[in-house]
Amino acid sequence: MRSHCAARAMAWSSPCRRAPPLIGYTLCPVERALFLSGNEAIARGAQRAGVRFVCGYPGTPSTEIVETAASLEGVHAEWCVNEKVALETAVGASLAGVRSLVAMKHVGLNVAADPFMTLSLTGVNAGVVLVSADDPGMHSSQNEQDNRAFAKFAKIPMLEPADSQEAYDFVAEAFALSEEFDTPVMLRTTTRLSHGRGRALPRVPVPAPELPYERDIAKYVMVPQNARRRNRLVLERLQKLRRRAEESPLNVLEAGTVDFGIIASGVAYQYAREAFPKAWYLKLGLSHPLPYEKVARLYQSVARVAVVEELDPFIEEQVRALGLPVMGKEVIPADGELDPETVFRALEPFLARRPPRRRRPVTPSAPRLATPPEVPAGLPVRPPVLCPGCAHRSVYAALQRHSLAPLGDIGCYTLGALPPLRALDSCLCMGASIGMMSGFNQALRRKAAAAVIGDSTFFHSGVTPLIDAVYNQSEGLVLVLDNRTTAMTGHQGHPGTGLRPDRSQGPAVDVQRLCEGIGVRCATVDATDHKALDAAIRAEAETPGLGVVVALAPCVLMVRERAGRVVVDEERCNRCGLCLDVGCPALAPGEVAMTLTDACTGCGLCVEVCRRGALTLEPAESRGA
Ligand SMILES: Cc1ncc(C[n+]2csc(CCOP(=O)(O)OP(=O)(O)O)c2C)c(N)n1
């Protein structure tokens with residue numbers, strides 16, 4: 001439908017600035033055109049783009065993407081337990097250096113919203129493309145939601161193919177954008193595109209770049225201090241993406257022969273073009289962020305402009321915000337699917353009206369960024385740290401003896417990512433660690449990463465990815481840091497403790513029995529017994545397959561009795577600082593030797609790392625405590 005005017009349009013719209021080249025639009029010399037559904041085209045486009053990992057959760061109209069991918073050579077495809085886990089698994093594969101694509105129906109993104117929103121901040125290693133297949137008209141859905149809003153919400157780029165050829169071609173574009181701008185990219189389809197069939201010419205494959213895993217705590221661990229910095233990068237990235245949208249050949253100004261222009265994206269473009277073949281068009285392939293200058297150029301060319309879009313006035317509202325008069329949802333239905341007839345009937349009367357006075361568009365300026373508060377010079381830096389005696393610290397000390405990439409989660413234990421421990425490589429959202437570990441290890445086809453998760457977080461959203469790892473036969477070591485409480489938010493109960501908000505006791509779920517029930521090898525060890533903990537982690541790290549170690553020790557703030565107190569032998573201590581590496585705030589360098597404050601609980605971890613025997617543990621009984 002588009003081809004008859006494409007050449008004319010490209011010539012007319014050739015941007016003043018140099019347009020970035022499209023990704024390998026060279027045709028495959030040997031193959032002939034295929035007749036593909038949009039979903040099949042996406043899967044094949046992914047294969048052509050060097051994608052090695054495709055996952056998702058079934059849901060009409062997205063399902064055939066993963067099904068097709070599973071039949072393609074060189075692509076590992078998985079059904080995941082749900083969309084949240086699917087996205088986290090894809091992120092894990094991306095971290096490991098593999099381009100990954102995750103597919104879901106529109107409501108699936110509600111389930112995946114937690115990792116999705118923060119993934120915008122962390123960005124990616126190898127490209128990540130999320131296909132959101134929307135279902136206008138609710139052919140087989142419980143609601144009708146316009147997921148274009150999600151791309152704007154997360155401040156990430158969105159591509160909207162309008163036919164099978166574009167569905168095939170845009171995937172490579174999406175991966176290139178993802179890696180160039182360090183962002184996940186949304187590829188948004190609708191039922192008509194996903195299930196409709198059309199011609200798609202195969203292109204020459206575009207090899208994926210080599211992107212081996214590099215740990216980068218400031219980028220991948222979203223504790224507030226890192227997230228604040230990343231958030232500013234996201235806002236700057238959005239401006240750069242808008243400039244790219246201005247230059248991108250995916251956003252085409254197509255000249256018409258009447259004084260009427262239409263802005264459209266995706267399949268709505270096809271309906272509009274059929275209804276008004278002589279109109280001018282701004283066809284948006286990279287539809288978020290909106291290219292303001294291209295919109296303005298359309299307004300310079302025609303007297304009246306309409307936006308044709310299914311569901312929400314997503315583009316229309318942005319055009320109005322530019323101060324431009326536009327016709328849209330006043331006459332075009334805001335629910336259900338459109339078709340050429342509906343579009344024609346809605347807009348035909350508009351054409352007969354007197355054109356509105358042209359107004360000069362007001363281009364919104366780049367958003368201002370808040371000035372961080374000034375910190376008076378000389379103030380001591382007080383980074384958040386794990387409490388003295390916190391058993392999480394012992395787990396990190398043991399885990400650091402192995403080469404597994406420690407992928408983390410959210411809880412007090414996330415503080416282990418900060419100096420001096422630097423013991424976690426990632427923190428995306430609650431429950432992300434296990435799915436990420438699974439994707440990471442699947443991508444590298446070996447046990448290369450471990451997951452570190454708290455007990456409350458395990459029950460929140462760690463069980464589903466563990467089930468997923470069983471189902472998909474992923475390898476990995478999962479460490480459940482069971483401190484018998486939700487410590488970070490102030491010691492609330494959870495299903496593992498059975499403690500209710502009124503402090504009454506309900507039934508408790510046993511982590512080990514739960515793991516064994518789903519077929520996972522599991523050992524529970526006392527996290528204060530450093531030797532036993534070390535042995536359990538070592539055994540699991542060195543055994544192929546999937547295993548869980550529950551490191552059990554109540555939160556030190558809930559324990560009234562101290563194990564004892566560490567004392568320093570000033571003669572032996574040479575202040576080498578090795579003990580400071582465990583990151584205990586009870587330890588500090590003194591004038592002649594290390595000093596220990598009253599905060600010492602006698603956990604004894606520092607005693608173990610001291611090579612000069614300068615620290616000794618005096619058990620509580622011997623001190624008469
Ligand atoms: C979706 C979501 N809900 C709630 C929170 C707040 N939150 C952060 S960590 C956490 C649980 C921490 O408990 P646990 O995993 O047991 O680790 P601990 O702090 O005890 O070490 C909660 C509820 C959040 N960050 N995200």
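Residues numbered from 1 in each chain as written. Predicted model: local features only at pLDDT ≥ 70, side-chain atom pairs only at ≥ 80, totals over all residues. Heavy atoms only, no water.

## Observations concerning the site of the ligand
Defined as follows: Here a residue counts as near a molecule or strand whenever at least one of its heavy atoms sits within 4 Å of it. Between N or O atoms, a polar contact is any pair within 3.5 Å; within protein, one atom must be a potential hydrogen donor and the other a potential acceptor, and residues adjacent in sequence are included only when both atoms are from side chains. Note on areas: these come from Shrake-Rupley sampling with a 1.4 Å probe, and a residue is covered only by the protein chains present in the view. To qualify as a helix, a DSSP run of H or I must reach at least 4 residues; to qualify as a strand, a run of E must reach at least 2; elements of each kind are numbered from the N terminus. The residue classification treats Ala, Val, Leu, Ile, Met, Phe, Trp, Tyr, Cys and Pro as nonpolar and Asp, Glu, Lys and Arg as charged. All others, Gly included, are polar.
In the vicinity of the ligand lie 18 residues, with His392, Cys412, Asp455, Thr457 and Ala487 positioned nearest. Note that an oxygen atom of the ligand is positioned 2.9 Å from one of the backbone N or O atoms of Ser456. A distance of 2.9 Å is found between an oxygen atom of the ligand and a side-chain nitrogen or oxygen belonging to Asn483. When the free accessible area of the ligand is taken as 590 Å², the share hidden by the protein chains comes to 75%. Element by element, the count of residues in the shell around the ligand is highest for helix α18 (residues 455–471), at four residues. Residue composition of the shell around the ligand, by class: six nonpolar, 10 polar and two charged.

## Quick word on the packing of helix α8 (residues 164–181) against helix α11 (residues 224–247)
Heads up, the condition is: Axis angles are defined between N-to-C directions and span 0 to 180 degrees, where every axis is a line fitted to C-alpha atoms and, for a helix, only to the segment in contact. For classification purposes, an angle smaller than 35 degrees is called roughly parallel, one larger than 145 roughly antiparallel, one from 65 to 115 roughly perpendicular, and anything else oblique. What makes a crossing left-handed is the near helix being turned counterclockwise from the far one by less than a right angle; a clockwise turn instead makes it right-handed. Contact between two residues is taken to exist if any of their heavy atoms lie within 4.5 Å; hydrogens are not considered.
In the contact formed by α8 and α11, the axes pass within 11 Å of each other and the chain directions differ by 140°. Classified by the interaxial angle, the pair formed by α8 and α11 is oblique. Every pair of crossing elements has a handedness; the one defined by α8 and α11 is right-handed. The segment α8 lies against α11, with Leu177, Glu180 and Phe181 engaging Arg237, Lys240, Leu241 and Arg244. Classifying every residue of the contact of α8 with α11 by side-chain character gives three nonpolar, no polar and four charged.

## Description of the confidence of the model for the chain
For clarity, the cut-off: Think of pLDDT as the predictor's per-residue confidence, scored from 0 to 100.
On average, residues of the chain carry a pLDDT of 93, and 94% of them reach 70 or more. In this model residues 1–17 is a low-confidence stretch, pLDDT under 50, and it forms 33 contacts with partners more than four residues away in sequence or in other chains.

## What to know about the packing of helix α4 (residues 83–95) against helix α6 (residues 113–122)
Across the interface, α4 lies against α6 with an axial gap of 8 Å and an inter-helix angle of 30°. Comparing the axis directions of α4 and α6 gives the class roughly parallel. Between α4 and α6, the residues in contact are Lys84, Leu87, Glu88 and Val91 and Pro115, Phe116 and Leu119, respectively. For the contact of α4 with α6, a count of residues per class yields five nonpolar, no polar and two charged.

## A look at the pairing of strand β13 (residues 304–308)
How we decide: Each residue gets one of three labels from its accessible area relative to the maximum for its type: buried under 20%, exposed over 50%, partly exposed in between, using a 1.4 Å probe on protein chains only. Two strands make a pair as long as DSSP finds a minimum of two bridges between them.
The element β13 is extensively covered by neighbouring structure, given that five of its five residues are classed as buried. With five bridges connecting them, strand β10 (residues 260–265) and β13 associate as parallel partners. Looking at the pairing, Gly261 lines up with Val305 of β13.

## Here's the deal with helix α15 (residues 340–352)
The criterion, for reference: One fewer than the residue count of a helix, multiplied by 1.5 Å, yields its expected span. What the bend at a residue measures is the angle between two axes, fitted to the seven residues ending there and to the seven starting there.
An ideal rise of 1.5 Å per residue puts 18 Å on 13 residues; α15 measures up with 18 Å between its terminal C-alpha atoms. In α15, a bend of some 30° at Ala346 exceeds every other bend along the element, and Pro349, a proline, comes one to four places later. Of the positions making up α15, those classed as buried are Val343, Ala346, Leu347 and Phe350. On its buried face, α15 is in contact with β10, α12 (266–275) and β13. Of the residues that open α15, the one with a side-chain oxygen 3.0 Å from the backbone nitrogen of Glu341 is Asp339.

## Side note on the pattern of salt bridges
Pairing of side chains with opposite charge becomes possible as their charged atoms draw close. The condition that has to hold: The working definition used for a salt bridge is a side-chain nitrogen of Lys or Arg within 4 Å of a carboxyl oxygen of Asp or Glu.
As enumerated under the stated definition, the model contains 27 salt bridges in all. A salt bridge links Asp146 to Arg148, with the nearest nitrogen and oxygen atoms 2.8 Å apart. The buried category is assigned to Asp146, whose relative accessible area is 7%. Taking relative accessible area as the criterion, Arg148 reaches 1% and is therefore assigned buried. The salt bridge partner of Arg401 is Asp534, with a shortest N-O separation of 2.8 Å. In this pair, Arg401 sits in the loop between α16 (391–399) and β14 (405–407) while Asp534 sits in helix α20 (residues 530–542), placing the two residues 133 residues apart along the sequence. One continuous salt-bridge network, built from bridges that share partners, spans Asp134, Asp146, Arg148, Glu160, Arg188 and Glu309.

## A short note on the nonpolar core
Threshold: In this description, a nonpolar core means a group of buried Ala, Val, Leu, Ile, Met, Phe, Trp, Tyr and Cys residues linked to one another through side-chain atoms lying within 4.5 Å.
Of all hydrophobic cores here, the largest spans 110 residues; its most connected members are Ile263, Val319 and Val478. Beyond its immediate chain neighbours, meaning those up to four positions away, Ile263 contacts Leu282, Leu284, Val295, Leu298, Val305, Ala306, Val307, Val308, Ile315 and Val319. Val129, Val131, Phe175 and Leu250 belong to the second largest nonpolar core, which has 35 residues in total.

## Brief notes about the sheet that holds β10
Spatial strand order, β9-β11-β10-β13: four strands in an open sheet with mixed pairing. The outermost strands of the open sheet, each flanked by one partner alone, are β9 (251–254) and β13. The mean inter-strand angle of the sheet, taken between neighbouring strand axes irrespective of direction, is 15°. Sheet strands in contact with α15 are β10 and β13, and its direction is about 165° off that of β13.

## Comments concerning the sheet that holds β14
Spatially, five strands are ordered β14-β15-β16-β18-β17 in an open sheet, and the strand pairing comes out parallel. Across the chains shown, the open sheet's two edge strands, defined by having one partner strand only, are β14 and β17 (521–526). Taken pair by pair, the neighbouring strands of this sheet meet at an average axis angle of 20°, ignoring direction. Judged from the three bridges that link them, β14 and strand β15 (residues 449–454) form a sheet pairing that is parallel. Of the residues in β15, the one forming a bridge with Ala405 is Ala449.

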